[in-house]
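Survey of secondary and tertiary structure
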Amino acid sequence: MSLDRRRLLASGVSLAGLALTGCDRMEQNPNVVRPLSVAEDLNRGVQRLLGPRVLAREFSRADITPDFRANGTIDPPDADYKALVATNFAGWTLTVDGLVQRPLALTLDEIRALPARTQITRHDCVEGWSCIGEWAGARMGPLMAMAGLEPEARYIVLHCADTLGGARYYETLDRVDVDHPQTILAYDMNGAPLTVAHGAPLRLRAERYLGYKQAKYVMRLEAVASFAHIGGGHGGYWEDQGYDRYAGI
Ligand SMILES: Nc1nc2c(c(=O)[nH]1)N[C@H]1C(S)=C(S)[C@@H](COP(=O)(O)O)O[C@H]1N2
Ligand SMILES: [Mo]
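Only a predicted model underlies this, so the values are computations on that prediction, with no experimental measurement involved. Note on numbering: residues in each chain are counted from 1, in written sequence order. Chain letters start at A and ligand numbers start at 1, both assigned in the order the entries are written. Given that the model is predicted, a residue must reach a pLDDT of at least 70 before its local features are reported, and side-chain atom pairs must reach 80 or more before they are shown or counted; all residues, however, enter totals for whole chains, interfaces and linings. Based on all heavy atoms of the structure, the side-chain values leave hydrogens and waters out of the count.

Turning to the overall build of the protein chain, a few remarks are in order. When its secondary structure is counted, the protein chain shows 8 helices and 12 strands. Throughout, exposure labels follow a simple rule: accessible area from a 1.4 Å probe, protein chains only, divided by the maximum for the residue type, with under 20% read as buried, over 50% as exposed, and the rest as partly exposed. In the protein chain, buried positions account for 52% of the 249 residues. For the protein chain, contacts bridging at least 24 residues in sequence account for 71% of all contacts bridging at least 6. Using the Shrake-Rupley algorithm and a 1.4 Å probe, accessible areas are obtained, with residue cover drawn only from the displayed protein chains. As presented, the protein chain carries roughly 10900 Å² of accessible surface, and 54% of it is formed by carbon and sulfur atoms. Each helix is a run of DSSP H or I of at least 4 residues and each strand a run of E of at least 2, with the numbering of both proceeding from the N terminus. Contacts are assigned to residue pairs that have any heavy atoms within 4.5 Å of one another.

With that settled, the discussion passes to the packing of aromatic side chains. Given two aromatic rings, one states the distance between the centres and the angle between the planes to describe the pair. Ring geometry is summarised as follows: Phe, Tyr and Trp rings, the Trp one being its six-membered ring, pair when their centres sit within 6.5 Å, and such pairs are stacked at plane angles under 30 degrees, edge-to-face over 60 and tilted between the two. On inspection of all chains with the given rule, the structure shows 9 aromatic pairs. Measuring from ring centre to ring centre gives 5.2 Å for Y237 and W238, while their planes differ by 90°; the resulting arrangement is edge-to-face. What makes Y237 buried here is its relative accessible area of 10%. Three or more aromatic residues joined by ring pairs make a cluster, and in this case those are Y169, Y212, Y237, W238 and Y243. Comment: the charge-over-ring label is applied if NZ (Lys) or CZ (Arg) is within 6 Å of the ring centre and within 35 degrees of the ring normal. Above the ring of Y209, the side-chain terminus of K213 is found at 5.2 Å from the ring centroid.

Strand order in the open sheet made by the 5 strands is 4-3-12-7-8, with mixed pairing throughout. On the outer flanks of this sheet lie strand 4 (104-106) and strand 8 (167-174), each paired with one strand and no other. Mean inter-strand twist for the sheet, computed between neighbouring axes without regard to direction, equals 20°. Sheet analysis places strand 7 (residues 155-164) next to strand 12 (residues 218-224), joined by 6 bridges and oriented antiparallel. Paired with H159 across the bridge in strand 12 is R220. Where helix 7 (residues 140-147) meets the sheet, its contacts fall on strand 3 (94-98), strand 4, strand 7, strand 8 and strand 12, and the angle it forms with strand 4 comes to roughly 135°. In this scheme, strands are said to pair when DSSP sees at least two bridges between them. Inter-axis angles, ranging from 0 to 180 degrees, are taken between N-to-C directions of lines fitted to C-alpha atoms, where helices are fitted over the stretch in contact.

Around ligand 1 there are 22 residues in total, and R69, N71, D162, H198 and K216 lie nearest to it. Definition of a polar contact: a pair of N or O atoms within 3.5 Å, with one able to donate and the other able to accept a hydrogen when the atoms are protein atoms, and with sequence-neighbouring residues admitted only if both atoms are side-chain atoms. R69 has a polar backbone atom sitting 2.7 Å from an oxygen atom of ligand 1. The separation between a nitrogen atom of ligand 1 and a polar main-chain atom of Q214 is 3.0 Å. Starting from 530 Å² of accessible surface for ligand 1 in isolation, the protein chains cover 98%. Only strand 5 (116-125) and strand 7 provide two or more residues apiece to the shell around ligand 1. Among the elements that take part in the shell around ligand 1, strand 7 stands out by supplying 3 residues, more than any other. Proximity is defined per residue: if any heavy atom of the residue lies within 4 Å of a molecule or strand, that residue is considered near it.

What follows is about the pairing of strand 6 (residues 129-139). Most of strand 6 sits inside the fold, with 9 of its 11 residues counted as buried. Strand direction decides the pairing type here: strand 5 and strand 6, joined by 10 bridges, are antiparallel. Directly across from H123, in strand 6, lies its bridge partner C131. Where strand 5 folds back onto strand 6 in an antiparallel hairpin, the turn is made up of 3 residues, including G128, whose phi is positive at roughly 110°. Where strand 6 meets strand 9 (residues 183-189), 5 bridges bridge the pair, whose relative direction is antiparallel. Across the sheet, A136 pairs through a bridge with D188, a residue of strand 9.

Glancing now at helix 7. Residues M140, G141, L143, M144 and A147 constitute the buried set of helix 7. For helix 7, the angular spread of the buried residues around the axis is 165°, confining them to a single face. By arc we mean the arc of the directions from the helix axis to the C-beta atoms, nothing more.

Structure representation (structure tokens):
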């Protein structure tokens, strides 16, 4: 089942909050920096109400934006990351740890062998632009199941390789989002390996969320009971600057 915002609006389920985060609206008004906080609760409520497995709208190859914009960090200056680029990520592994039964260190080849999904979706940045791209990656649900989440693990922290203004980029997902079919750790974009600008070698695609949730340069997945002690304690780099954590679209 595919859901688009128009149908949701037409269904009468949504109130002003959804319209505020709507892409069309954002395109008309680039000054919309973030949804009002009331929209956060509303979005979470609507998403949960519609069910944890409702899909974000998917598109066809003809809809793909020819020149998908790159945003935020596009070339991490961090020395550890630069060393990885120099070897074309030869020694790179994804660390999976925290509240898991089996901590993992997965190579890209191992990640490419996991249950995968390909999806053509629209990326909406709060700065007021949208691009459509095709993403292929490992589904996060089966990946975390491989590690075996402990019952007290409530969130997954995605630790990234880049620092912005002295703070490391990170994001957090609820368990329900980890199991969503469109939550993938993407290694390919538009049929080719991710470029550095778009988050090589691995980035999150959680398609029911705005752009800043789509963490690039993912190095480590940490299962935690609380994210109060991570970064500024609000569940993400931009969340620590005051953006909503539940940036649903
Ligand atoms: N590690 C990291 N992830 C990030 C960012 C960043 O600066 N660093 N920027 C975010 C924002 S605001 C957007 S809009 C998207 C941009 O992804 P793109 O470069 O593939 O368009 O990445 C998100 N993920
Ligand atoms: Mo963004």
